[in-house]
Each structure stands twice: as structure tokens, then as C-alpha cells.
Amino acid sequence: MSAAKVKMRQKKMRNQPTNVQYSSSPADVRGRTQSNGGDGDGPSGKNPPSERNKSSRQKGGWVRGHQKDGGIYSDKMPQHITAGLFAQARAAEVSAMLKAVTKTTGSCNVFGALPRHMRRRAMSHNTKRLPCRLREMANRMREKCLQASSKGKKEQNKTKSRKARRRHGNLLLEFNRRQRKNVWLQTHIWHAKRFHMVKKWGYCLGDRPTLKCYRPCYRAMSSHCLLQDLSYYCCIEIQGEEDKLLECLSQMTSKETGPTFAQRLCLSGQRQGSVVVYRAGQFPSQPLGPVTFLWRTRTQGSTHRQLWIWAHPTLKTDILPELQSVCQCNEAVIPPPLLQVTDTDVVPPIEAGKNPEIQHVTGTKRKRSRQDRSAPPAKKILGDGTRPPNTPVTWKSSSTGIVINDLTMEIVRYRLIGPHSHSVLTDTLEAATDCDELSKSQPSCLWWPDHCKDKSKMLLHQQQTDVFLTLKDIYSTTELPPGTVLGLTVDDPRLAMPTKRVKALPCVKEAQEVNEEKIKELSLRGVPEHCCQSFLWEQSVRNNVTDNKISEQELNRMRSDILVPGSRLTPTPLQGRIPILLVHQPGKQVGHEMNSWGAGWDLLLPKGWGMAFWIPLVYRGVRIGGLKMSLTHSQNKGAPHFPHDYPDCPAGARFQEEQESVLLEKFKRCPPAKRTNYIKHGCLAPFCCPWQQLAEEWDLTGSEAAERRGDTRTESTSVKQSAMTSHQDVAVAKPATHFTVLRNIKSLRLLSSWCRPTSSKGQRLYHVREMLPLNHAARVAFLTSHKMSLVWVRLSLLLKGKPDLHAMVCVPTVEDLKLLNKGPGSSGPQEPLHQDTLKNTIKRSKKGSKKTLVRRQSTDTTEGKHVPSDKDSDFVLGVWPNPLPSVTSHCSRVTLGWVTQADFSLSAGCGEALGFVSITGLIHTLVSQPPEHRGTVLLRNPTSLHYRFAKINIEV
């Protein structure tokens, strides 16, 4: 009998009593009939049990309505009937039938007793529509429901209409409620309609556009302009005496890595600087991450300085406590308590007493009067929306006098990338116009009329305007000095919005007619120091501009009063003067190729003005990028991206753990037959990079080889042989030191010269004079000072191929280099297929006994192998479990490192990868290679067995 027929029979027999049963075959039916009074079923029956079973097997299973072989039920009358048994059987059938009729189907509702054609929705509201026999039961159930709702449940409010839900006040409250876990940027709604949003670092950010625009975004970065919202970056403000600030900050930096906080041009406020900060006094170990900083220009006759430090949100949790420690700012300043304001504007008690006709009921809305419309609207967010209102954001020190302020979400930061970024800015922004005499004479709560009364300030504003107008005559952003800062005050950009989107481009004809001396002065020396000042540094000015912003409703009303539609609003409202800061981004500053690629400007604004500047910038024909474009921008520049490429920092380690879990879950979602067996491919770490184990193995291998022999050629060969066989010793003797990334400028330049840097595809050699020959003494001195270190490298494929994430960087053998000499069409070597012993072991352990499994695991453990069982929850088929064997000698080629960023480079026209390699392994590899192939390595993707030739380039 099939499963469907069994279910159908069970459904029919669910309400039958236990003493009434029907057979599944016609023979059994005849037999039961005879047992109730027929012949042949008892001891004196005609048919023996063997014949009945045989006939039942021949007839087949239970069928509905007719016999399977076309036969019919037997119509032979029984010879005698036992009255008692017959009556009991019929009584059971009648009781079962009555029970089935009276019992409701499914739920306990009264309507279940009605047939389907009589069930009406209106009966639930009016019980008189029910039949008379069911009305009393329905009334009792209704009373029970009402009593239960009055006791345990609250009466639900009526859902508001969509028109009511879409009102501005209700929308704002709903948006604030949705920001309790993940904060929205001011451009969130604009991005949510056009981008794939992700929740990262406590924010809801745009990852990539819904359109396919990878190449258009690259073209925008290369030839026009790309716009990004970087307001999620955290700003930390430090105020105090200049000498004390530099003394405290010097503990977190080192001159060996490059310019520090005390660089002359950065300290004057003319340039923006960048530096990698460390824990106090722990250089070169324990780095925290990269930050950018900006000093406020000096005030004449005062040594008090102001510094802004911009950090990634994942870095804020590490750098803020360290700054408080070195500056001794442990005294938290608790902000004053804020009165909670509801979504309704409550009438003040004095005004309500003056006008008794106005009666406001609590919990209801009222229409704002004309007197209230002039006042600024009440705030709906307590604090800045990123933390509880009573959380301290200011810390001070009584001993040093330094004050630390957390300005997260207080300043909006936009980044424009591309050679025509300055053209977009000069086309969108206009320098603030002066106030008339009437506005100056009248008292005002706005900041601009008081500013216009001071002639020295207006003179400075005019000089800044001249410098800003000079930017229109420059063809490309790359012509300016890197890190240039320009302060300016502009009008509201919404006042001069174009009617349609236009592409802002520099005007070459006008540039030929202007004074070339100003352009040359700006390109060589940058912006003068006094023009770098901006009132954006003043907190009172920022709050004044934010609180008095013109609403879109008021702006549209002013536009409707213009005689000529589409023309500019004149005169400019006094509320529409905004202080800003323009900070130049240098682009690529390392290496010999694509210098200054990706340069642009950063636009700093007070909070609340995000969308007022965003839409006018979009109308100038810029492309919008998300988090994915930030990573692509770093890849094309060849620069490490935070936190992806900072494995020695706490934020980088956390990111690697999160990335490993995400990739592993994605791998598990695929069926086992569609997964890549990384064990057979010889890939130990497809989802993460065990940097610590790599550094430990190379450090131990290099020290053992150095002790055995001192000859250069023989030493490198013995190093490779020992790396293939010493993984058992590595697991036993592990150094206690943690790996570091080499950031010493002098050491990087020396290592770069040893690698013989070439162009991206290796066609042309750059003549770089070696600062120190690569001999035994130099090599030993270098390795002694940089033990357990990794170096950031750029890998360019010499032939075809596209590298992937976590690709392995390996050392080529002598036979591999011979393949490279055959010509440009020669292919790389192949990795032999490995054997998945773990899968076979688990299969045997499932079939064998427990004793055999325990014996096999014990023997494998003594040999240094980790054999997981089927009960191991962490084991995934096709992936090596922890602890990993030797990562350097697991494959036929010795492993140097791994790739953290990889893609096909549109700028170089070949596959490029960025990653880290062991310094010890790299130096021993360079020694063993001939001069014409020095710096050549092999690259293999985790899902491939094919090695590709690549060239290592260390750009400094």
C-alpha cells in the first residue's frame, strides 16, 4: 500500500472506535463478516488461514470504491448470526457516527460545526445570523473572549492611516526608533533607495549601488569625480598647550615610520597629516591603526592649540582610552540633563493662561500657530543620536589642562575623488555674500551679521574667496600640494540649484586668460597659513548654524514668490551662511606609477547640513560610491585599507575573525557536492590567514639554517629543505613574541631596492641604486632587527590570470624559473592533487567500532596528526580543522604569505594582488634567485591547482 493511500485510510478511520476495524484486503473483509456470524472464520471455518493469507496477498492492498483486479465484494449471506456480538458492533458504529457529527472540525470555533457553504464572515459580528441551535454557544464564547481581553490584554489602539503615518513628525519619531541599534547618516534615506545597505560598526551604511556601475565608478575616479559619505568616521578633538600636546602624543608615534604630529607644515595648520599610532611606548609592537589629523592655525599671542583626529569607528574603542591615558584626562564631564521633548509642541503654561480659548489635551496634536512657526522646531533626538543623552563626551585633566571632546556625528565629511573634484566644488559652492547695512545695525541671534561688522574678518574672507576662485583655473586636482587645507564660508547651495543634472568641467579658455602667477603660487606653495582658518572649529558657530537652518518648506515658499521661476533667490537669507573646510586628499604617493591617482577633496560641514550639500553635488554629475568603492580605491592606489589590511592591530584581528565566520557560513550553505575540497587542493587556510603561525615557522626555520651554514647559496637551499620537514618542531617550540608589520621607512626602502622594483607588468626596470648590497652581513643584520615581521607587497601577474582573496604566495623552484625563460606564452607549474585522508578516516570510523576509532585517534595523535571524529562540531568536510599543520611546507612549493586584496586592475591592465609576506622568507628567496628573476614568485588561488608567475614590488 502506498503512503498516500495509508494517509487517506487513516484520515477516514480516525473517528472510528477501537472495536470496529476494517481490513486492508477483500479477503479480510469477508473474514470479519463471517466472524460476526458468518461461516469459515472460526475453528470450524471452510477456508484455512493459509489460504486466507494467500488470497489476501493475491488481491493486493486496500482500494477506494472498487477492487484492484475488477472483482466485487462477496454477496453470500451468512448462515447464522450471533445477536450479542452483532448488536455490539452496530452500537459502536452508531456512537462513532454521532461523535463524528457533533465534534467540530479543526478549531473550537462554533463555525466549524457548520458546512462550508453556510459559513459567513458577517456571522462573527452578529450571532443572530447563525442557526438557532448554535446561537447560545456562540454567545458564551463571545463573553469568554471579552472577559479574557479585559483581564490579561490591553485594548489595542486603532492603526493610523498611511497619511497619518507619513507625516513629518511621525516619520521622524519612527526613524529615531529604528536608529537605536544602528545609527543612520544624514544621507541614509537617499542611499537606502539606491544602494544595498549593510549594518557595520554601529551604523547602517551603503555598500554598493543596485546598478551595475563598477566600470563607471572607476572612470569617475580616473577622469571626473566620485562622491562618498564618510560621516561615519569618528572625530576626536584635543585642546591644550602646544608643548604638552606634542609631549603626550609623541608617546604614541615614532619618527621611523614617517612624519608625526609635530611635522612643521601640519603643525602650522596648512596641511593634513596621517600617522599610524601605537600604544604608549610600545613601538614597533602593539599598533592601534592609522589616523588622519588636522591642527587649527595658531592664534596670535596664544599657545593654546586645537587638534582634530579622525579615526575609523572600529579604531575609536582602542584609541580613545589610550589618548585619555597619555593625556591624563580621566575626569569625565557629565553633560547637563536634557528635558525630553515629545512629538507634540506643548503650549507653554504662561501662554495657555493668557488665552483661555486654547485648550490642549495631553496626547493629542494641535496645529502650530503663526507665532510658533517662526521659532525653531523642537529637537526629536536627545543628544547626538549615537549614545545615551547622559553619556560623557568630554574629559579633562587638572594636571595638564588638556581637554578631550568626542565629536562623533557632529561634523559631516564628504569625499570627492577624481581629477575634476575641484571643478565640482567651485561650481556647487559660492562664497558667502556680505550683509547690508540694515542687517548689521539690527541685533540678531545669527552669527554672520556680527561677523560682518569686523573688517579684519571680512578681509580674511575676501582673501579666502580669491584663493577659492583660483581653483576654477586649475585643470586637475593633482596639481595642488598634498594635504592642502582651505577655510571658507559659503552660501546655502540650495539657493542656486540647476534645473537638471549637468557635468561640471574645468573651463580651459578662461584658464588661459587669468593670472598664471596665482596658479603657480597655489600649485607650489599651497594655501597661505592665514587662509586656512575657519569658523567650523568654533562649537558655538556650529550650533548656531545647525539650529537656524532654513527648512525645505520655507525654502520652497521663497521660491514660489520669485517672479522668474528657476532664478537664484535674492537677497540671500541670513541663515544661509555655512562655515566649511576643504581638505585636499593626495591620492597615490608611493611607487613610480600612477602618481597622485585618486586625488580629491574632503568637504567638512556642520551637522544638519548633509542633504543640503549632497543634492547640489549630485546635480553636478558626480558618481556615488559606497564601502565597496572605498576598497577599490585603496586597491588601485596600492595602499592598505583599514581594517582589512592591518592584521597586527586589534581592529584588524577582529575583522579577520568576522570575515572567517562569514566565509565559512557561506561555504556551509553550499551542498557538499558543490563545495571546493580545500584539503585536496592543498589549501590550509581558505577563509583566514594564520599570520602568527607563518611568522613563527619562518623565524624558526631561518634561525636553524643560519646556525648550520653561512654560505649564501647553500643556506637558502637548506632553508627550503628544513621548511619542508620541520613543521613538527614548530608546533612544539613556539616563540612568545607576536608578529609585527614592517613600517620603518629606511628598512622598506632597502628591502624595495633588493626586490628590483619594476612596472606593473614587469616590462621596464627602474634603475634604483642599492643602498646596501645583499650580502651575508647585511642580511643577518636586517633579519636580526626585524624578527617575526611581515611586509606589505604589491603583486603583479606577469601572464594572464586573476588573483582571488587569500591566494597563496609561494617560492618558485629552479625548474619553475626555467619555464619562465621559455617565453611569454609559458604556463606556470601545477600543484599535485592531495589526498583527503580525513574524509576517509571519518567514513571508516562510522563503519568500525568505537574501540577501533579510539585506537586510530590515539595513534594519529602520537604522530602529530589531528583526526576529527563525526561528533566534532567544528569539523567541516573539505576544510582542515584546527590546529593546522605546517603552513609553509604543506604544498610542493614553500609558502611566503597570502593575499588580502585581489582583483583585475583596470589601471594596470593585468591581475594585481596586495598582501603580506614573511620578511625572513622573502630575503632567503631573493638570495636564491638569479639577478634576472629576482623578486619573482608564484601565486595560486585557493580554488585552483595552477600556479601563476607574479612580480613582487614594495612601494615606498
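Everything here concerns the structure above.
Residues numbered from 1 in each chain as written. Predicted model: local features only at pLDDT ≥ 70, side-chain atom pairs only at ≥ 80, totals over all residues. Heavy atoms only, no water.

**Student:** Could you clarify how one ought to interpret the overall build of the chain in this entry?
**Tutor:** Helices and strands together make up the secondary structure of the chain, namely 34 helices and 23 strands. Relative to its 956 residues, the chain shows a buried fraction of 45%. Taking contacts inside the chain between residues at least 6 apart in sequence as the whole, the part at least 24 apart equals 75%. Here the chain displays about 52,200 Å² of accessible surface, and carbon together with sulfur accounts for 53% of that area. (Helix = DSSP H or I, 4+ residues; strand = E, 2+ residues; numbered from the N terminus. Buried < 20%, exposed > 50% of the residue type's maximum accessible area, 1.4 Å probe, protein only. Contact = heavy atoms within 4.5 Å. Areas by Shrake-Rupley, 256 points an atom, 1.4 Å probe, with all protein chains shown as cover.)

**Student:** Honestly, the sheet that holds strand β1 (residues 183-184) in this entry has me stumped. Any pointers?
**Tutor:** Across a sheet, strands are paired by hydrogen bonds formed along the backbone, either parallel or antiparallel in direction. The strand order β1-β3-β2 describes an open sheet built from three strands, whose pairing is mixed. Lying at the two open borders of the sheet, with one neighbouring strand each, are β1 and β2 (195-200). Bridge analysis of β2 against strand β3 (residues 203-209) gives six bridges, and the strand direction is antiparallel. Bridge pairing in β3 places Lys199 opposite Cys204. (Pairing = 2+ DSSP bridges.)

**Student:** Sorry if this is basic, but what is going on with the sheet that holds strand β12 (residues 411-417) here?
**Tutor:** Spatial ordering of the open sheet is given by β13-β14-β15-β12-β4-β16, a layout of six strands whose pairing is mixed. Two strands bound the open sheet, and with one partner strand each, they are β13 (485-491) and β16 (623-624). Judged from the seven bridges that link them, β13 and strand β14 (residues 577-585) form a sheet pairing that is antiparallel. The residue bridging Gly487 from the neighbouring strand is Leu581, located in β14.

**Student:** Would you explain the side chain of Thr408 in this entry?
**Tutor:** Note on placement: Thr408 falls in the loop between β11 (403-406) and β12. On the accessibility criterion, Thr408 (2% relative accessible area) is buried. Reaching out from Thr408, the side chain makes a polar contact with the side chain of Asp406 at a distance of 2.6 Å. (Polar contact = N/O pair within 3.5 Å; in protein donor to acceptor, adjacent residues only side chain to side chain.)

**Student:** What is the right way to look at helix α10 (residues 242-249) in this model?
**Tutor:** One turn of the α-helix equals 3.6 residues, which is why residues spaced by three or four share an orientation. Taken residue by residue, α10 has Glu242, Leu245, Leu246, Cys248 and Leu249 as its buried positions. Each buried residue of α10 lies within a common arc of 165° when the element is viewed along its axis, so the set occupies one face. Seen from the open side of α10, the exposed residues pointing more than 90 degrees away from its buried face are Asp243 and Glu247. In this structure, the buried side of α10 is in contact with β5 (234-241), α11 (264-267), β7 (287-295), β8 (304-311) and α12 (313-326). (Arc of directions from axis to C-beta.)

**Student:** Which parts of the structure should I look at to understand the nonpolar core?
**Tutor:** One finds Leu751, Trp754, Val791, Leu795, Leu922 and Ile954 to be the most contacted residues of the largest nonpolar core, which totals 61 residues. Sorting elements by how many residues they give to this core places strand β18 (residues 789-797) first, with six residues. Within the second largest apolar cluster, 58 residues are counted, among which are Cys235, Ile411, Val485 and Trp614. (Core = buried A, V, L, I, M, F, W, Y, C linked by side-chain atoms within 4.5 Å.)

**Student:** Any chance you could explain a positive patch on the surface here in plain terms?
**Tutor:** A surface patch of like charges, here positive, comprises Arg162, Arg165, Arg166, Lys193 and Arg194. Following the sequence through the fold, Arg166 ends up in the loop between α6 (162-165) and α7 (168-177). (Patch = residues over 30% accessible without salt bridge, like charges linked within 9 Å, V, L, I, M, F, W, Y side chains within 5 Å. Salt bridge = Lys/Arg side-chain N within 4 Å of Asp/Glu carboxyl O. Lys, Arg positive; Asp, Glu negative; His and termini not counted. Charge placed at Lys NZ, Arg CZ, Asp CG, Glu CD.)

**Student:** What is the right way to read the state of the cysteines from this model?
**Tutor:** The term disulfide refers to a covalent linkage connecting the sulfur atoms of a pair of cysteines. Considering all chains together, one arrives at zero disulfides under this definition. Its sulfur unpaired, Cys689 is 6.7 Å from the next cysteine sulfur, which belongs to Cys688. With no disulfide partner, Cys891 has as its closest neighbouring cysteine sulfur the one in Cys810, 6.2 Å distant. For Cys891, a relative accessible area of 5% translates into the label buried. (Disulfide = S-S within 2.5 Å.)

**Student:** What is the right way to look at the environment of Ser95 in this model?
**Tutor:** Note that Ser95 resides in helix α4 (residues 83-102). When its relative accessible area of 40% is taken as the criterion, Ser95 is described as partly exposed. At a separation of 2.8 Å, a polar atom in the side chain of Ser95 contacts the main-chain carbonyl oxygen of Ala92.

**Student:** I keep staring at the pattern of salt bridges and nothing clicks. Help me out?
**Tutor:** Proximity of charged atoms lets side chains of opposite charge pair with each other. According to the stated counting rule, one finds 28 salt bridges in the structure shown. Of the charged contacts, one joins Asp207 and Arg208 as a salt bridge, the two residues approaching to 3.1 Å between their closest N and O atoms. For Arg743, the salt bridge goes to Asp648, with nearest N and O atoms at 3.0 Å. With Arg743 in the loop between β17 (740-741) and α29 (745-754) and Asp648 in the loop between α24 (627-637) and α25 (650-669), this pair connects stretches of sequence that are 95 residues apart. For the pair shown, Arg743 and Asp648 are each scored as buried.

**Student:** When you look at the packing of aromatic side chains in this model, what are you seeing that I'm missing?
**Tutor:** Each aromatic ring pair is described using two quantities: the centre-to-centre distance and the angle formed by the ring planes. Taken as a whole and assessed by the stated rule, the structure comprises 21 aromatic pairs. Ring geometry for Trp190 and Trp614: centres 5.6 Å apart, planes at 75°, overall edge-to-face. In this pair, Trp190 sits in helix α8 (residues 188-192) while Trp614 sits in helix α23 (residues 610-618), placing the two residues 424 residues apart along the sequence. We note that Trp190, like Trp614, is buried. Both rings, one in Phe667 and one in Tyr678, keep their centres 5.6 Å apart while their planes meet at 45°; by these two values the pair is tilted. Of the two residues, Phe667 is situated in helix α25 and Tyr678 in the loop between α25 and α26 (691-708); the sequence distance between them amounts to 11 residues. Taken as a pair, Phe667 and Tyr678 share a single burial class, namely buried. The ring of Phe86 is capped by Arg90, whose NZ or CZ atom sits 4.7 Å from the centre of that ring. A cation sits over an aromatic face here: Arg893 above Tyr947, 5.4 Å from the ring centre. (Phe/Tyr/Trp six-rings, centres within 6.5 Å; stacked < 30°, edge-to-face > 60°. Lys NZ or Arg CZ within 6 Å of the ring centre and 35° of its normal.)

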